[in-house]
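In case you want the letters, here they are:
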Amino acid sequence: MTKIVFVGAGAMAEAIINGLTKEEKISPEFIHVMNKSDVEQLLQLKKAYHVGIVCEEKKALCEANIVFLAMKPKDAKDALSDIAPFLSKNATIISVIAGVTIQTIANYLGTRPIARVMPNTSAAVGLSASAVSWNELVSDEEKLAIIDIMESIGTVKAVNEEDLHVVTALSGSGPAYFYYFAEQFEAAAILHGLEKSDARQLFIQTMEGAVQMMKKGDFEPDELRRRVTSPGGTTEAGVEKLIQHNVGEAIFACIDAAQNKSRLLGKQYE
């Protein structure tokens, strides 16, 4: 019987727990949570999802088949050191900590099956875009189990560990970029007279429609853009301003900065 412990009880841990219990992947009685000091958050998760709380003796941690590392990067070093003595030698580790490598985790927790996953906050509504990588000790059966867990909160792609830095920048941080664009488009529309509620509804529907057009896969994004952009029309005028203001360069710089930060977060543990 699979027993899971979440070390860290923040938003990402809650999103995964919600997905697992909602999809009935694992019964709540086999899920336990622990964190550094926020007892109130643990009690809230217990009440909402009927999961257990790891006791002071760490019995659930000792019995866990899967241990999720879901703490903040700044807390990882102390947390890894704290849990290491309690882990079963057969426990599989799944980390959602940005930047911290599989080798670094192994240095703290010993040689064992270890996977790294990069989800995003859309996991809260079951629409995360996640990527996963693993070491050679993760069996094919365990890979399928990890993918099954992550599919409870959205889609998942297997990638090389080195690629997780750019995945972090693209899809891990991506919702924040989208929300920033939403803020700016909404503010601009309001400035020109639209009601806030109308601006938001129109923006959301426009993005949903554009996403569905891309998902159809009939055309590349640049071709879809050209099909909207009539010569001398309003779209062309708007796109020209995006080009003049170097929005493309800003996006490249955004991804570059985020993936560099992911690398730096990992280096502090080397």
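Reference entry: report on the structure contained in this document. (Residues numbered from 1 in each chain as written. Predicted model: local features only at pLDDT ≥ 70, side-chain atom pairs only at ≥ 80, totals over all residues. Heavy atoms only, no water.)

Some thoughts on unusual backbone geometry
Across the chain, the bulk of peptide bonds are trans and the bulk of non-glycine residues have phi less than zero. Keep this limit in mind: Put simply, DSSP H or I for four residues or longer makes a helix, DSSP E for two residues or longer makes a strand, and each gets a number counted from the N terminus.
Notably, His50 is not glycine yet its phi reads approximately 65°, a positive angle. Take His50: it is sitting in the loop between helix H2 (39-49) and strand E3 (52-53). Despite not being glycine, Lys58 shows a phi value in the positive range, around 65°. Relative to the helices and strands, Lys58 resides in the loop between E3 and helix H3 (59-63).

Focus on the packing of aromatic side chains
Our working rule: Pairing of aromatic rings covers Phe, Tyr and Trp, the last counted by its six-membered ring, and requires centre-to-centre distances within 6.5 Å; plane angles under 30 degrees mean stacked, over 60 mean edge-to-face, and any other angle means tilted. Exposure classes here rest on a 1.4 Å probe applied to the protein chains alone. A residue is buried below 20% of its type maximum, exposed above 50%, and partly exposed in between. Lysine and arginine charges are scored as sitting over a ring when NZ or CZ, respectively, is within 6 Å of the ring centre and within 35 degrees of the ring normal.
Inspection of the entire model under this criterion finds 5 aromatic pairs. For the pair Phe6 and Phe68, a centre-to-centre distance of 4.7 Å together with 10° between the ring planes defines the contact as stacked. Here the residue Phe6 occupies a position in strand E1 (residues 4-7), and Phe68 occupies one in strand E4 (residues 66-69), the gap between them amounting to 62 residues. On the numbers, 6.1 Å between centres and 75° between planes, the contact of Phe178 with Tyr179 is edge-to-face. Using a relative accessible area of 38% as the deciding quantity, one classes Phe178 as partly exposed. Taken together, the ring pairs connect Phe178, Tyr179, Phe185 and Phe203 into an aromatic cluster. Seen from the ring of Phe86, Lys58 lies directly overhead, with NZ or CZ sitting 5.6 Å from the centre. One residue, Arg227, lies across the ring of Phe219, its end atom 3.8 Å from the ring centre.

Remarks on the pairing of E4
Two faces belong to every sheet, and in a regular strand the side chains alternate between them. How we decide: Strands are labelled as partners when DSSP assigns at least two bridges between them. Handedness of a crossover: with both strands directed away from the viewer, a clockwise path from the first strand across the helix to the second marks it as right-handed.
Covered by surrounding structure in E4 are Ile66 and Phe68 together with Val67 and Leu69, the residues of both alternating faces. Strand direction decides the pairing type here: E1 and E4, joined by 4 bridges, are parallel. Across the sheet, the residue bridging to Val5 is Val67, located in E4. Taken together, the 4 bridges between E4 and strand E5 (residues 92-95) define a ladder with parallel strand orientation. Looking at the pairing, Val67 lines up with Ile93 of E5. Between the parallel elements E4 and E5, the chain passes through helix H4 (residues 76-83) in a crossover that is right-handed.

Structural notes on helix H1 (residues 11-22)
The α-helix advances 3.6 residues per turn, and as a result positions three or four apart in sequence lie on the same side. Put simply, the rule is: Take the number of residues in a helix, subtract one, and multiply by 1.5 Å to get its expected span. Residue contacts are counted whenever heavy atoms from the two residues lie within 4.5 Å of one another.
Here H1 spans 16 Å end to end across 12 residues, near enough to the 16 Å set by a 1.5 Å rise per residue. Within H1 the residues assigned to the buried category are Met12, Ala13, Ala15, Ile16, Ile17, Gly19, Leu20 and Thr21. The secondary structure elements touched by the buried residues of H1 are E1, strand E2 (31-34), H2, E4 and helix H6 (140-150). Positive backbone phi, approximately 55°, marks Glu24, located one or two places after H1.

Description of the nonpolar core
Quick reminder of the rule: Think of a nonpolar core as a cluster: buried Ala, Val, Leu, Ile, Met, Phe, Trp, Tyr and Cys residues, connected wherever their side-chain atoms sit within 4.5 Å.
Within the largest apolar cluster, 32 residues are counted, with the highest numbers of intra-cluster contacts made by Ile4, Phe6, Ile16, Phe68, Ile149 and Met150. If you list the elements that add at least two residues to this core, you get E1, H1, E2, H2, E4, strand E6 (114-118) and H6. Residue contributions to this core peak at 6 residues, all from H1. Residues within four places of Ile16 in sequence aside, it is in contact with Phe6, Phe68, Val96, Ile149, Ser152 and Ile153. Judged by nonpolar contacts, the second largest core, of 24 residues, contains Met34, Ile102, Ala106 and Leu109.

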